[in-house]
Amino acid sequence: MTGKTARWIFLLGTFSSAAIFLWMTYDFHRQTPRLTHTERLSEEVVAGKRVWHKYNCNDCHTILGFGGYYAPDMTKAYYRLGDNNISSIVKHPEVIYRNSFRKMPQLGVTDPEVKQLIAFLRWTGEIENRHWPPQDEKFVTAFKLREARAKNLNKVDVVMGACGGCHSFENQGRSIGGDFADIAQRITYDHNTLVKFILNPQSVKPTIGMPPQNVTPETAALIADFVLSLKTSKEVRQ
Amino acid sequence: MIRYESQRVSLWYIRLALILFVLQVVVGLWLSINYAFTLPQELVNVFPFATAREIHTNLLVAWMLLGFMGGTYFILPLECERDLFSNKIAYVQLVIFAAAAVTAVVGFLFRWTRGKPLLEIPFPMNALIVVAALLFIGNVALTIIKAKVRSPLQWMLLFGVTFLAVMYLFGMPFYRNLNTDYYYWWWVIHLWVEGAWEIVTAAIMAFIIMQVTGVDRKVVEKWLYVETGLFLFTGIVGTGHHYYWIGAPDYWIWWGGIFSALEPLPIVLMVVDTWMHVRERKNAIINPLTWTYIVGLAIYHLVGAGLWGFMHTLPPVNYYTHGSQVTVSHGHLAFFGAYALLNMTIFYFALPRMKNIRRYRDTAGKWGFWIMTVAMFLLGLTFGVAGILQTYLERFLDIGYSTAQLTMMLWFKIAFGVGLVFLCGVLITVWHLFTLQAVEEGTSE
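This text gives an overview of the structure that appears in the document. In this text the structure is predicted, and so the values were computed from the model without any measurement. (Residues numbered from 1 in each chain as written. Chains lettered and ligands numbered in written order. Predicted model: local features only at pLDDT ≥ 70, side-chain atom pairs only at ≥ 80, totals over all residues. Heavy atoms only, no water.)

## Quick look at the overall build of chain B
Then, in step 1: From N to C terminus, chain B includes 15 helices and zero strands.
Then, in step 2: Dimensions along the principal axes, computed over C-alpha positions, put chain B at roughly 65 × 45 × 45 Å.
Then, in step 3: Taken across its 445 residues, chain B has 64% of its residues classed as buried.
Then, in step 4: Counting contacts in chain B only where the partners sit at least 6 residues apart, residues at least 24 apart contribute 83% of the total.
Then, in step 5: As presented, chain B carries roughly 16,100 Å² of accessible surface, and 73% of it is formed by carbon and sulfur atoms.
Then, in step 6: Looking at charge distribution, chain B has the averaged site of its 27 positive side-chain charges lying 8 Å from that of its 23 negative ones. (Helix = DSSP H or I, 4+ residues; strand = E, 2+ residues; numbered from the N terminus. Buried < 20%, exposed > 50% of the residue type's maximum accessible area, 1.4 Å probe, protein only. Contact = heavy atoms within 4.5 Å. Areas by Shrake-Rupley, 256 points an atom, 1.4 Å probe, with all protein chains shown as cover. Lys, Arg positive; Asp, Glu negative; His and termini not counted. Charge placed at Lys NZ, Arg CZ, Asp CG, Glu CD.)

Listed below in structure tokens is the structure:
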């Protein structure tokens, strides 16, 4: 091989690859609106992305698989956790993970920022990224099933959607705050007290670790009904 | 034994690079402690994993770039047969770069960050880095332009460092869309490590091999063209292996998959040509350790970047291993094998010459080399086991994130132990480089 041939190999290799790559970049931009639903990329979502950067979430959590591998991937976190659970975790990690082998720092994220972050994660979850990550696909499917019959969701869906980040019920949810079947046996609150408790636990029981829940009073009422309905009738109270 | 006085500017680049290398490894050990043990909430609140990770990775980038720049300043006068265009620019650039890097790292401790992995440096510091880069490229370009001799190697080096600097710009803006953000993030990260940095590596290694082995320039330059051509041919479209799961069009699976499967080819060529040049050497082996580094770099480069990268970027594998500790395994072996060893090779080439040592005492250096390379390989395997556990438990068996992470804690305890050994190797090597001593001629051999 002469020096000239070698030089041609260099030039051809570089420019052919660069040309293919630039064309595909052009096509990437053409298709991004469809694949990422840019019509839903609102100012709130962008604000949420800034929150994501501001607290350096990405150096512990991966998103789209990139970033730190220290904490779960956030691509489909919205489907996995839902509004209320994300809010509780971000605002009170020291409570949620007090017994966990791994901690999340208390970052002092404000309420409006939490809302923006949730909007960002919701939008991110909708990116058409070929069903990655594999372990979260079941949550996406379940979420979409619930969404399809939003009008007649059963109570378990609603309750676990809001409380499943900490409480468990019949093999669903996480075991941080206890199982609803046990809780129902333990508590002595009536409906109204329980609603009050869900919205602001410390106002009913000052020593409790559970953080205030980011749900509407209607949802809180539904959750209260659900929990109370789990009481098995050992005896009728006077 | 330096031929041009301005080669000396690289000394401080090298010294600073070595110090940052030690710091990077120390912070790395802290990261493994985060994984291996449960830390108290109060500590996590003030010094979270995220902060330590950004320090670890930015120190990496900083010492790599310092090594490349120092190396370039050392070999450029030899290649151009004249002094650098300006020593002053070289020093000013070093001060700006170092100040920006140190300020950025200290800023991280106070949550001053852009929160974009590996590119966390906030805008004002980024602007300083750009100024330093412009000064560097200007200095290199003017040195080449004013030289009386012309060689492909000069241009390749200039092309490499310019390519490197230009790509950095794509990481600087704020992107509204997350997928576009990561699309261009890889223009920096991927087109650096599998593009620009490879070009710089190929050019510097071509020069060092030529000098050390005495092999004919024509032969070395031919290899250089073919290798860099193949690096860029496979590497540019190979960027697609990062676009499988970000919401990019489907054809990236094929283009990214096929081109990145070809990416080991130029590295194989590099091993072959290094091996051939070493065998057909015209010079006697004066410092065996320098030769060890040259061959070690070629082989480790192939294993860490080539082999590990190849396995991990095949789309059906990557579906499970993407964003797991498998990436960590690949990242450590590839960065160490390709670029840390490149820098060490540069340092072992440059420092003895700067200290006017023809033949250096290399006992400590040899220990350093073998401890570092073996420990890093074991570390790569440990991360690999953790990664396979993680992907198998969490993604294949689908038994949850926490279960997988708990199972991996043992492997991070092992990683911490191996990391300590690695740190010893690094300290020995750095100490050896700082205190190089001549062998008194005639006493041995």
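## Overview of unusual backbone geometry
Then, in step 1: Here the bond from W132 of chain A into P133 of chain A is cis, since omega is 0 degrees, no more than 30 degrees from zero.
Then, in step 2: Checked against the element boundaries, P133 of chain A lands in the loop between helix 5 (111-125) and helix 6 (137-148).
Then, in step 3: A positive phi is found at L64 of chain A, a non-glycine position, where the angle reads about 55 degrees.
Then, in step 4: For L64 of chain A, the position within the fold is in the loop between strand 1 (62-63) and strand 2 (66-67).
Then, in step 5: Overall, the relative accessible area of 0% leaves L64 of chain A in the buried class.
Then, in step 6: Despite not being glycine, R111 of chain B shows a phi value in the positive range, around 65 degrees.
Then, in step 7: Note that R111 of chain B resides in the loop between helix 4 (87-109) and helix 5 (123-145).
Then, in step 8: Since its relative accessible area comes to 35%, R111 of chain B is described here as partly exposed.

## Digging into the environment of W12 of chain B
Residues and elements named next belong to chain B.
Then, in step 1: Considering the arrangement of structural elements, one finds W12 in helix 1 (residues 10-36).
Then, in step 2: The exposure class assigned to W12 is partly exposed, which follows from its relative accessible area of 47%.
Then, in step 3: Put simply, W12 and D398 are 386 residues apart on the chain and 51 Å apart in space, counted from C-alpha to C-alpha.
Then, in step 4: Other than its neighbours up to four places away in sequence, W12 contacts Y91 and L94.

## Things to note about the interface of chain A and chain B
Then, in step 1: Listed per partner, the contact involves 69 residues of chain A and 78 residues of chain B.
Then, in step 2: Both faces combined, the contact of chain A with chain B buries some 6,600 Å², and carbon together with sulfur accounts for 64% of it.
Then, in step 3: In terms of surface lost to chain B, no three residues of chain A exceed Y69, F101 and R130 of chain A, which account for 13% of the buried area on that side.
Then, in step 4: Linking chain A to chain B there are five salt bridges.
Then, in step 5: Among the ionic pairs, D181 of chain B bridges to K49 of chain A, the shortest N-O distance being 2.6 Å.
Then, in step 6: Mapped by element, the contributors of at least two residues to the side of chain A that touches chain B are helix 1 (3-36), helix 2 (43-54), strand 1, strand 2 and helix 5 of chain A.
Then, in step 7: For the side of chain A that touches chain B, the per-class residue count stands at 31 nonpolar, 25 polar and 13 charged. (Buried area = accessible area lost by both parts, 1.4 Å probe. Salt bridge = Lys/Arg side-chain N within 4 Å of Asp/Glu carboxyl O. Nonpolar A, V, L, I, M, F, W, Y, C, P; charged D, E, K, R; others polar.)

## Quick look at a nonpolar patch on the surface
Residues and elements named next belong to chain B.
Then, in step 1: There is a patch of nonpolar side chains on the surface, built from W254, W255, I258, L262 and L265 and spanning about 520 Å² of accessible area.
Then, in step 2: When residues in the nonpolar patch are grouped by element, the largest group, four residues, is from helix 9 (residues 252-262).
Then, in step 3: Structurally, L265 is set in helix 10 (residues 264-279). (Patch = residues over 30% accessible without salt bridge, like charges linked within 9 Å, V, L, I, M, F, W, Y side chains within 5 Å.)

## Brief notes about the sheet that holds strand 5 (residues 178-179) of chain A
Residues and elements named next belong to chain A.
Then, in step 1: Spatial ordering of the open sheet is given by 4-3-5, a layout of three strands whose pairing is mixed. Each edge of the open sheet carries a strand with a single partner, namely strand 4 (172-173) and strand 5.
Then, in step 2: As paired strands, strand 3 (residues 167-169) and strand 5 are joined by two bridges and run parallel to one another. Its bridge partner being in strand 5, S168 is matched across the sheet by D179. (Pairing = 2+ DSSP bridges.)

## Let's talk about the environment of W52 of chain A
Then, in step 1: Mapped onto the elements, W52 of chain A comes out in helix 2.
Then, in step 2: Setting aside residues up to four positions removed in sequence, W52 of chain A forms contacts with C57, N58, H61, I63, M74, L117 and F120 of chain A.

## Examining the pattern of salt bridges
Pairs can form between side chains of opposite charge whenever their charged atoms are close.
Then, in step 1: Scanning all chains against the criterion turns up 19 salt bridges over all chains.
Then, in step 2: A salt bridge links E147 of chain A to R122 of chain A; the nearest nitrogen and oxygen atoms lie 3.5 Å apart. One end of the pair, E147 of chain A, is in helix 6; the other, R122 of chain A, is in helix 5, and 25 residues separate them in sequence.
Then, in step 3: Residue E221 of chain B is joined to R217 of chain B by a salt bridge in which the shortest nitrogen-to-oxygen separation is 2.9 Å. Note that E221 of chain B and R217 of chain B are positioned in helix 8 (residues 217-238) at a spacing of four residues, about one turn of the helix.
Then, in step 4: Of the residues examined, E221 of chain B reaches a relative accessible area of 10% and is grouped as buried.
Then, in step 5: The network of salt bridges with shared partners includes E39, R40 and E126 of chain A.

## Focus: the packing of helix 5 of chain B against helix 6 (residues 152-169) of chain B
Helix packing geometry: the angle between the two helix axes and the distance between the axes.
Residues and elements named next belong to chain B.
Then, in step 1: At a minimum axis separation of 10 Å, helix 5 and helix 6 run at an interaxial angle of 165 degrees. It follows from the interaxial angle that helix 5 and helix 6 lie roughly antiparallel. Note on packing geometry: the crossing formed by helix 5 with helix 6 is left-handed. Contacts from N126, I129, V130, A133, F136, I137, V140, A141 and I144 in helix 5 reach Q154, W155, L158, V161, T162, A165, Y168 and L169 in helix 6.
Then, in step 2: Looking at the contact of helix 5 with helix 6 residue by residue, the classes come out as 14 nonpolar, three polar and no charged. (Axes fitted to C-alpha atoms, helices over the stretch in contact; angles between N-to-C directions. Parallel < 35°, antiparallel > 145°, perpendicular 65-115°, else oblique. Left-handed = near helix turned anticlockwise from the far one by under 90°.)

## Some details on helix 4 of chain B
Residues and elements named next belong to chain B.
Then, in step 1: For helix 4, with 23 residues, the first-to-last C-alpha span of 34 Å sits near the 33 Å given by 1.5 Å per residue.
Then, in step 2: Regarding helix 4, the residues found buried are A90, Q93, L94, I96, F97, A98, A100, A101, A104, V105, G107 and F108.
Then, in step 3: Buried residues belonging to helix 4 abut helix 1, helix 3 (49-80) and helix 5.
Then, in step 4: Two or three places before K88, at the opening of helix 4, S86 has a side-chain oxygen 3.2 Å from that residue's backbone nitrogen. (Expected span 1.5 Å × (residues − 1). Polar contact = N/O pair within 3.5 Å; in protein donor to acceptor, adjacent residues only side chain to side chain.)

## Thoughts on the packing of aromatic side chains
Then, in step 1: Tallied over the full model, the rule gives 61 aromatic pairs over all chains.
Then, in step 2: Between Y320 of chain B and F396 of chain B, the aromatic rings sit 5.1 Å apart at their centres with planes inclined by 55 degrees, giving tilted as the arrangement. Of this pair, Y320 of chain B sits in helix 12 (residues 315-321) while F396 of chain B sits in helix 14 (residues 363-396), and the two are 76 residues apart along the sequence.
Then, in step 3: Following the ring pairs from residue to residue traces out a cluster consisting of F21 and F28 of chain A together with F170, Y175, Y183, Y184, W187, Y243, Y251 and W252 of chain B.
Then, in step 4: We note R102 of chain A situated over the ring of Y70 of chain A; from NZ or CZ to the ring centre the distance is 4.4 Å. (Phe/Tyr/Trp six-rings, centres within 6.5 Å; stacked < 30°, edge-to-face > 60°. Lys NZ or Arg CZ within 6 Å of the ring centre and 35° of its normal.)

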